[in-house]
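# An overview of the molecular structure
Below, each chain spelled out in residue letters.
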Amino acid sequence: MKIRYFLLAILLSNFAFAQMQKITPRLQEQLNNARSDEFIRTIFFLKDQIDIVKLDHDLYARNATLEDRAYTVITTLQQHAERTQKNLLAYLDSKESNDKIFRYQSFWIANMIVVEAKPEVLYEAAVRADLQYIDEDTFLEYDRPVSQEEDTKDYSKSTNGVEIGVKVINADKLWELGITGAGRIVMGIDTGVDVTHPALNYKWRGTHVPANQAWFDPYSGDPAPTDCDGHGTHTMGTMTGRADATGDTVGVAINAEWIAAKTICSSPHTSNSIAAFQWAMNPDGNASTIDDMPDAISNSWWDPTSTADLCGEANVYYSTLNAVEAAGIAVVFSAGNSG
């Protein structure tokens, strides 16, 4: 009898350990140092995820139009999240009513829910069969320069024209072929954009569509683009910057419009950038239209504490970026500033 109890104890212990593995190491470290009444911001990543790679292959196989592709990807993800999150949302709602959860937000681009909860809720949720893992909704960082020097150039004596770097990558030769970005939309997920900048102000798509279809800001509430740092203005300039009055050119897609998201600021949580990608797939709220979607999204940020397999299917970035690209949007990430 003692042997049976001993074996049962081992089985239960192994089961509990296996369930606790749903809490990522970096979140566990945060929990180890947290107060019992502290609300911790996390990502609940559900086990039941759409096989977006297969869906993408199926769309290619049937030669889906861009409209069909976007509509299929968006609605499939939305319907899947609505269907599979019901029980978990009901559970979270019950905990919120008991003041154990501060807030939660459902996502569909990846089947996940962002939850700010007390440690006891996170440990309790870790044994749920419908969860793949619970991770810290961590802070992201943008690519900062390795070193900086004071700019002593006298710009009053400079000549307006095309920057050397733009010519080095042969962008000017593409312009000669008529490939200038005309009729296209580019997007930046960064620190925002200074909409008054003369190389960018007239290119903002919000000059002729509702601002909420051309600007995404999940926390500061600015109705028009602003930049909390200057970095996002710089990267948007790389994409499409050209001063109309002088012809001074720093960008590549010189005739493209731009839209932007301000997520890498005072609260650069992973979920804010995920929300920006989700918004970008359907800025006007109509899954049947694609003229509101960006053709490409530029990113110069990274997750400095992630130890996850970024190419593994059980990963929020893998799911998100594959969904965006399956919908017909190209995603570009900076390789960094380290040379």
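Residues numbered from 1 in each chain as written. Predicted model: local features only at pLDDT ≥ 70, side-chain atom pairs only at ≥ 80, totals over all residues. Heavy atoms only, no water.

### Considering the overall build of the protein chain
Along its length, the protein chain carries 11 helices and 11 strands. Taking all 339 residues of the protein chain together, 46% fall into the buried category. When contacts within the protein chain are restricted to residue pairs at least 6 apart in sequence, those whose partners lie at least 24 apart make up 78%. Of the roughly 17,700 Å² that the protein chain leaves accessible, carbon and sulfur atoms contribute 53%. (Helix = DSSP H or I, 4+ residues; strand = E, 2+ residues; numbered from the N terminus. Buried < 20%, exposed > 50% of the residue type's maximum accessible area, 1.4 Å probe, protein only. Contact = heavy atoms within 4.5 Å. Areas by Shrake-Rupley, 256 points an atom, 1.4 Å probe, with all protein chains shown as cover.)

### Describing the pattern of salt bridges
As enumerated under the stated definition, the model contains 14 salt bridges in all. Between D58 and K54 there is a salt bridge, and its shortest N-O distance comes to 3.1 Å. Of the two residues, D58 and K54 are both situated in helix α3 (residues 52–61); the distance of 4 residues between them amounts to about one turn of the helix. On the basis of relative accessible area, K54 is assigned to the partly exposed category, the value being 47%. (Salt bridge = Lys/Arg side-chain N within 4 Å of Asp/Glu carboxyl O.)

### With respect to the sheet that holds strand β4 (residues 131–136)
Strand-to-strand pairing in sheets goes through backbone hydrogen bonds, with the strands running parallel or antiparallel. Pairing is antiparallel in the open sheet, where 4 strands are placed in the order β2-β3-β1-β4. Each edge of the open sheet is held by one strand with a lone partner, namely β2 (101–107) and β4. The mean angle between the axes of side-by-side strands here comes to 20°, regardless of whether they run parallel or antiparallel. Where strand β1 (residues 40–46) meets β4, 5 bridges bridge the pair, whose relative direction is antiparallel. Each residue of the ladder has a partner; that of I43, found in β4, is D135. Packed onto the sheet, helix α10 (residues 270–280) meets β1, β2 and β3 (112–117) and runs at close to 30° relative to β2. (Pairing = 2+ DSSP bridges. Axes fitted to C-alpha atoms, helices over the stretch in contact; angles between N-to-C directions.)

### As for the packing of aromatic side chains
Enumeration over the complete set of coordinates arrives at 7 aromatic pairs. A ring pair is formed by F45 and Y133, whose centres lie 4.9 Å apart and whose planes are at 10°; its orientation type is stacked. Taken together, the positions of F45 in strand β1 and Y133 in strand β4 put the pair 88 residues apart, joining distant regions of the chain. Each member of the pair, F45 as well as Y133, carries the same accessibility label: buried. Note on W301 and Y317: the rings are 6.3 Å apart at their centroids and 45° apart in plane angle, and the pair reads as tilted. (Phe/Tyr/Trp six-rings, centres within 6.5 Å; stacked < 30°, edge-to-face > 60°.)

### Focus on the sheet that holds strand β6 (residues 185–190)
The 5 strands lie next to each other as β7-β8-β6-β9-β11, forming an open sheet whose pairing is parallel. Strand pairing shows two members of the sheet lacking a second neighbour, β7 (215–216) and β11 (330–333), which therefore form its edges. In this structure, strand β9 (residues 296–299) lies alongside β11, joined through 4 bridges in parallel fashion. Following the sheet pairing, N299 is matched in β11 by F333. Contacts from α10 reach β6, β7, β8 (257–262), β9 and β11 within the one sheet, and its direction differs from that of β6 by about 165°.

Treat this as a map of the structure, not an account of what it does.
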